[in-house]
Amino acid sequence: MVLVRAPGQAELDPGKARARRRALEITLGIAVPLVLILWWQLAVQQKWIDSRIYPAPQTIIEDGWQRLVDGKLWPDIWATLKRVVPGFVLGSLAGYVVGLLTGSMPLVRAALEPMLDALYVVPKLALLPIFLLIFGLGETPQIVLVAVTVFFLIWIQTMAAVLAVPEGYREAATVFGASRWQMYRHILVPASLPPVVVGLRLASGMAVLVIVASEGLASPNNDGLGYLIFNAKNIFDNRAMYVGIIVVAIVGVLFSELVRFIGRLLTPWAPDRRGPGGT
């Protein structure tokens, strides 16, 4: 028996099919949250839920816009960014270097991995009091907390990526007389960067999460989005609390997309596959 299948639209016009698929994905990505927001608005108007606990989206948007116009929201956004960005950069660099070393040198891995594994499972927020004792009140403890959080995520991702580099690549470089530096430059770094970029995007979300939580516990200048959220909760200003939560979500998405964009610049040879947190 011979089965004959007529070519579909995807085979006849792949470009148009991809464009249609992408348009459908974007539509679904916008429609789902929009439907939920409209349902929330309707539930408040019909008094199905308590507006004192769940303010209407329209009320939250109006309050947030007024805070932006009055300039009350920008200082909190800036305070959070000036803590999370340096911590993210420092933690990423340190995690990548240590990951390269532990992934490529068995003795270094044997020496460091047990200790780092033990420290990794410690809740990072539990380290905040220690950092406050060491560095005192100020921005430094929170920057270090973000850096430590990011470090472990990038270290694990980098080490796993280096270990996953096919042995044939290493053998080919060795046959051609590659030095240790050339092995890193031409084999290990290019092969490990794409998975590390995915890890950076995961770490960017975790960095925002940790800084918001730490600001809620101990904000040095009573500022930052975390302080805004937790302080609003304490004084029962639920509109301000939801404004802070929404702004944190927006900042997190923009931060993740910025990391993805930088990752595409660093790894132009890698396929553009959106990992967790993609839009």
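Residues numbered from 1 in each chain as written. Predicted model: local features only at pLDDT ≥ 70, side-chain atom pairs only at ≥ 80, totals over all residues. Heavy atoms only, no water.

An unreviewed UniProt entry annotates the protein as ABC transporter permease of Streptodolium elevatio. Annotation of the protein in UniProt includes, under Sequence similarities (unreviewed entry), the sentence "Belongs to the binding-protein-dependent transport system permease family." Checking UniProt for the protein, the heading Subcellular location (unreviewed entry) contains the comment "Cell membrane". (UniProt positions renumbered as here; feature names shortened; annotations may be inferred.)

K.L.:
Looking at this structure, I do not really get the overall build of the protein. What am I missing?
P.N.:
Along the backbone of the protein there are 11 helices and 0 strands. Along the protein, helices and strands appear, N-terminal first, in the series α-α-α-α-α-α-α-α-α-α-α. With the principal axes as the frame, the protein shows a C-alpha extent of 70 × 70 × 35 Å. Within the protein, the proportion of its 279 residues that are buried is 37%. Residue pairs at least 24 apart in sequence account for 70% of intrachain contacts in the protein once pairs closer than 6 positions are excluded. Distance between charge centroids for the protein: 5 Å, based on 24 positive and 18 negative side chains. (Helix = DSSP H or I, 4+ residues; strand = E, 2+ residues; numbered from the N terminus. Buried < 20%, exposed > 50% of the residue type's maximum accessible area, 1.4 Å probe, protein only. Contact = heavy atoms within 4.5 Å. Lys, Arg positive; Asp, Glu negative; His and termini not counted. Charge placed at Lys NZ, Arg CZ, Asp CG, Glu CD.)

K.L.:
How should I be thinking about a nonpolar patch on the surface in this particular structure?
P.N.:
Side chains of M115, L119, Y120, V121, V122 and I156 sit close together on the surface and give an oily, nonpolar patch of about 500 Å² of accessible area. With 3 residues, the single largest contributor to the nonpolar patch is helix α5 (residues 106-120). Among the structural elements, I156 can be located in helix α7 (residues 140-163). (Patch = residues over 30% accessible without salt bridge, like charges linked within 9 Å, V, L, I, M, F, W, Y side chains within 5 Å. Areas by Shrake-Rupley, 256 points an atom, 1.4 Å probe, with all protein chains shown as cover. Salt bridge = Lys/Arg side-chain N within 4 Å of Asp/Glu carboxyl O.)

K.L.:
Quick question: what am I supposed to make of the UniProt feature "transmembrane region" (unreviewed entry) in the protein here?
P.N.:
UniProt's entry tags residues 23-42, 84-107, 119-137, 143-166, 187-213 and 240-259 with the feature "transmembrane region" (unreviewed entry), counted in the numbering of this structure. Helix makes up 96% of residues 84-107 and strand 0%, and the two end C-alpha atoms of the span are 33 Å apart. Secondary structure across residues 143-166 divides into 88% helix and 0% strand, with the first and last C-alpha atoms of the span separated by 36 Å.

K.L.:
Quick question: what am I supposed to make of the UniProt feature "domain: ABC transmembrane type-1" (unreviewed entry) in the protein here?
P.N.:
UniProt marks residues 77-263 with the feature "domain: ABC transmembrane type-1" (unreviewed entry), using the numbering shown here. Between the C-alpha atoms that bound residues 77-263 the distance is 24 Å, and the span itself is 85% helix and 0% strand.

K.L.:
Is there a simple way to explain the nonpolar core in this structure?
P.N.:
A general tendency of soluble globular proteins is for nonpolar side chains to be buried together. Ranked by size, the top nonpolar core spans 38 residues in total, and within it F88, V150, I154, L188, L225 and V247 carry the most contacts. Mapped by element, the contributors of at least two residues to this core are α4 (74-104), α7, α9 (180-218), α10 (225-234) and α11 (238-266). By residue number, the principal contributor to this core is α9, which donates 12 residues. Ignoring any residue separated from it by four or fewer positions in sequence, one finds V247 in contact with L73, I77 and L225. (Core = buried A, V, L, I, M, F, W, Y, C linked by side-chain atoms within 4.5 Å.)

K.L.:
I tried to follow the packing of α10 against α11 on my own but got confused; where do I start?
P.N.:
Between two packed helices, the angle of one axis relative to the other and the distance separating the axes together describe the packing. It is the contact of α10 with α11, at a shortest axis distance of 8 Å, that shows an interaxial angle of 155°. Relative to α11, α10 is oriented roughly antiparallel. Where α10 crosses over α11, the handedness of that crossing is left-handed. Of the residues in α11, those touching α10 at L225, L228, I229, A232 and K233 are A240, M241, G244, I245, V247, V248 and V251. (Axes fitted to C-alpha atoms, helices over the stretch in contact; angles between N-to-C directions. Parallel < 35°, antiparallel > 145°, perpendicular 65-115°, else oblique. Left-handed = near helix turned anticlockwise from the far one by under 90°.)

K.L.:
Any chance you could explain the packing of α7 against α9 here in plain terms?
P.N.:
At their nearest, the axes of α7 and α9 sit 8 Å apart, and the two run at 155° to each other. When the axes of α7 and α9 are compared, the pair comes out roughly antiparallel. Two packed elements cross with a definite hand, and for α7 against α9 that hand is right-handed. Broken down by class, the residue content of the contact of α7 with α9 amounts to 18 nonpolar, 7 polar and 1 charged. (Nonpolar A, V, L, I, M, F, W, Y, C, P; charged D, E, K, R; others polar.)

K.L.:
What's the story with the environment of A173 in this structure? I'm lost.
P.N.:
Counting through the fold element by element, A173 comes out in helix α8 (residues 167-175). By relative accessible area, which is 10% here, A173 ends up buried. Placed 13 residues apart in sequence, A173 and H186 show a C-alpha to C-alpha distance of 8.6 Å. Residue contacts for A173: discarding those within four places in its chain leaves A178, M183 and I187.

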